[in-house]
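# Survey of secondary and tertiary structure
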Amino acid sequence: MTAAHTAKAYRKLGANPYRPWPARITSITQLTATEKLFELRLIDEHVREEFSFTAGQFVELSIFGIGEAPISISSAPSKQGFIELCIRQTGTVTNAIHRMRCGDVVGIRGPFGRGFPFEEMENHDVLLVAGGLGIAPLKSLINHVHDERHAFGKVTILLGARNPAELLFRQEFDMWKHRQDFDLMMTVDQPDDSWDGEVGLVTRLFDRVDIDPDNTYGAICGPPVMYPFVVEEMRKKHLDVDRIYVSVERRMKCGIGMCGHCAVGHQYTCIEGPVFSYWEAINLREAI
Amino acid sequence: MIYKIIEKWALEDLFEGLRANYDEVVGPQPSKGHGGPALVFDKLTNFNDLRLDYDTTILPPKKYFLNPDERILRFNRSTGDVFDTEPVQISRAIFGMHPCDINALLLLDQIFLGDYVDPYYQAARKSTFIIGTSCMPSPGHICNAFGSDEVHRGFDLFLTDLGDRYFLSCATVPAAELVDKYLDAREPVAADISDFQARTRQFKAAFKYLPQMDQLPLLYGAKYEDEDLWNQIGDDCLSCGACSMVCPVCHCFDVRDKLDANGETGLRHRVWDSCNFSEFAEVAHDYNFRPTHTSRVRYRFFHKFVGNFTRNGKMLCVGCSRCNRACKVGITPARVIRALQEDANANVGAETPDSADTVSAKKDCA
């Protein structure tokens, strides 16, 4: 899915690209003290049919009267009819949705941007690394790999958080630990009494990672400071920089390549990103 | 393209023809508010207000295509109902756009009429009749550096001043019809073309300064991290954003919701923005990707000279000089280009012993 795809869907629906589609909140899950997972359903049936996305793409979330904010989709493309957004309470829009309840209506525009190159990744091993809220965009890819498990080789997932209370989707991932078809490792910086797992930064987990560099794709999402360190670990495992994908955070306002807010180097995060190969990212001024 | 010749006095007939066919005719004229020598594009009711021999205006005609405050959406908070606002359908003729401003529109077309189409820009573009006019360079005009001193499309009608008459280029059917109906135009003869060529030579010779554009995008990239260079240029920046407002190609915008007094319904607005404003690149948790004014100045010119050039093949500057006049601290495209072209080692002659050392030292490094 690309800009051309979403543009075409908007044309087909006869809508101008600034128009958000009404979507109802169908479920809210409190994940941590500051993050909730919102499940949304686009109200209009035709819109729902046209709305298709790939892991790594984002939507513009409208809270009418407050404004818009870009939020990455956390659910898998295979989950039809609903999208999930993992949202941290941090700005005016995100604070507003945190005050909303099931049944309330918000606006959704999109999907926008370029997601992970899942077609290229298929039939290969994948190494997925997330730190903190970086799990929000990566969760879509993890869910996609989960739903299409047969299409991927070995799957290694590394998750890091500041402390156990901030580890997103912990319950879900605790169950995955017992699965044979995923190699899942979690670590926290500051353990508490509930934690009996690894302690330290996510890079620590790489000691136990064993990959075939010629057959593996890497994907990283997390705070900007994390990228160089994780990439260095991946490089030590001989992964090429153009096979490592990162998701970049910017203030996408329009999502359609016009408002200029999300420019990185010579590209727009909302059109050519937010997912870039690491090679692309280091060649974009100020991207990483 | 059809070429015609009209006498100068026939211009008023053209103006009356436009008045008869369009809701509004706008053109460069003395500013009513300022009273001073500054010219502005504004509604023309009297032909004698029109100044076709102008050097520049405060704001470019961009304001007619990108409203400084466009209402892009009407909404109802509680029901979630959303209504598109209809683009304003006023037919307008712009009388007297310079080649730089027409070229600027062609650049904006690339941005607003791509995969995604901005309906407001598109509507304005479709309902606007453009009459271009030739000009003579004033000090500070560097359109020659960007190839925007000439324009070959993007207008309906273009007038080239040949002293006592105009050389007309009709590019569209409405233009040809207008000329047919309201003007007593004749076919150009050899003498007209000869005068046109002489006028072009005179125009090209009038440029006193041509910025050195060689390898500019590459140099920008290579000197991007040169802190001294960027501090020298950007340190004085006031982050006022005036340069963006008066720029014919700066198009960044912000999106804001405004509630009506009933607290239920409201409008979403699209307003002009500038990458020189401090919060432009701010994301969640108040993290700012360009926190200093120097970093914002560096980015703004990067987007103009490298970003769009790499992405769309064109630099986002037409050399119109409006920002030169608007900037209170003298940060101009020409200055940035000069600084980038400056060679720290250029004054070291090839034959001096010092330079020989430098060359060999460089070789050692390589």
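Just so it is clear, the model here is predicted, and its values are computed rather than measured.

Rules used in this analysis
Every chain is numbered on its own, with residues counted from 1 as its sequence reads. To label them, take the chains in the order written and letter them from A, then take the ligands in the order written and number them from 1. Totals for whole chains, interfaces and linings use every residue, but because this is a predicted model, local features are given only for residues with pLDDT of at least 70 and side-chain atom pairs only at 80 or more, for both listing and counting. Each helix corresponds to a stretch of at least 4 residues labelled H or I by DSSP, and each strand to a stretch of at least 2 residues labelled E; elements are numbered beginning at the N terminus. Exposure criterion: with C-beta atoms placed from backbone coordinates, a residue whose C-beta has 20 or more other C-beta atoms within 10 Å is buried, one with 12 or fewer is exposed, and one in between is partly exposed. Should DSSP find at least two bridges between two strands, the strands are taken to pair. Two residues form a contact once the distance between their C-beta atoms, set from the backbone, is within 7 Å. Axis lines are fitted to C-alpha atoms, over the contacting stretch for helices. Their N-to-C directions set the angle, which ranges from 0 to 180 degrees. Domain limits in this description derive from either an automatic procedure or a database domain assignment. Throughout this entry, Asp, Glu, Lys and Arg are counted as charged residues, while Ala, Val, Leu, Ile, Met, Phe, Trp, Tyr, Cys and Pro are counted as nonpolar. The remaining residues, Gly among them, count as polar. A helix is expected to reach a length of 1.5 Å times the quantity of its residues less one.

What follows deals with the overall build of chain B. Of the regular secondary structure elements, chain B holds 13 helices and eleven strands. In terms of overall dimensions, chain B has C-alpha extents of about 75 × 70 × 40 Å along its principal axes. Going through the 366 residues of chain B one by one, you find that 39% of them count as buried.

Okay, the sheet that holds strand β8 (residues 155-161) of chain A next. All names here are of chain A. Pairing is mixed across the open sheet formed by seven strands, whose spatial order is β10-β9-β8-β7-β11-β12-β15. Every interior strand has two partners, whereas the edge strands, β10 (198-199) and β15 (275-277), have only one. Note: β8 against strand β9 (residues 183-188), six bridges, orientation parallel. The residue of β9 that forms the bridge with T156 is D183. Here helix α5 (residues 135-147) sits on the sheet in contact with β7 (125-131), β8, β11 (216-221) and β12 (244-247), set at roughly 155° to β7.

Residues and elements named next belong to chain A. Each assigned domain of chain A is listed with its residue range as follows: domain 1 (3-112) and domain 2 (118-282). Here the C-alpha centroids of domain 1 and domain 2 sit 22 Å apart. Across the boundary between the two partners, domain 1 contributes 24 residues, which contact 23 residues of domain 2. Of all the secondary structure elements, the ones that give two or more residues to the side of domain 1 that touches domain 2 are β3 (58-63), β4 (67-72), β5 (83-88) and β6 (105-112). Here the side of domain 1 that touches domain 2 gets three residues from one element, more than from any other, and that element is β6. The residue makeup of the side of domain 1 that touches domain 2, split by class, is twelve nonpolar, eight polar and four charged.

In the segment running from A:G110 into A:P111, the intervening peptide bond is cis, with an omega of 0°. Note that A:P111 resides in strand β6. Between A:G273 and the following residue, A:P274, the backbone shows a cis peptide bond with an omega angle of 5°. Mapped onto the secondary structure, A:P274 falls in the loop between β14 (267-268) and β15. Phi angles above zero are rare outside glycine, and B:S321 is one such case at about 80°. Along the chain, the position of B:S321 falls in the loop between α10 (293-312) and α11 (322-326).

What follows deals with the sheet that holds strand β11 (residues 265-272) of chain B. Strand pairing in a sheet relies on backbone hydrogen bonds. The paired strands run either parallel or antiparallel. All names here are of chain B. Ordered in space as β5-β4-β11-β10, the four strands form an open sheet in which the pairing is antiparallel. With one partner strand each, in any of the chains shown, β5 (82-83) and β10 (253-259) form the two edges of the open sheet. Where strand β4 (residues 69-76) and β5 come together, two bridges link them in antiparallel fashion. Counterpart to F75 in the pairing with β5 is V82.

Size of an interface, as often reported, equals the accessible area lost when the parts are brought together. The interface is formed by 35 residues belonging to chain A together with 38 residues belonging to chain B. Elements with a minimum of two residues in the side of chain A that touches chain B: α1 (3-12), β4 and β6 of chain A. Considering each element in turn, the side of chain A that touches chain B owes the most residues, three residues, to α1(A). Among the residues forming the side of chain A that touches chain B, the class breakdown is 15 nonpolar, twelve polar and eight charged.

All names here are of chain B. Relative to the elements of secondary structure, L105 occurs in helix α2 (residues 99-112). Judged by the 26 C-beta atoms lying within 10 Å of it, L105 falls in the buried class. It is 7.5 Å that separates the C-alpha atoms of L105 and G154, two residues lying 49 residues apart in sequence. Once residues lying within four places of it in the same chain are set aside, the contact partners of L105 are F65 and G154.

This next bit is on helix α6 (residues 190-205) of chain B. Here α6(B) is 16 residues long and its end C-alpha atoms lie 23 Å apart, about the 22 Å a rise of 1.5 Å per residue gives. Burial within α6(B) is sparse, with just zero of its 16 residues counted as buried.

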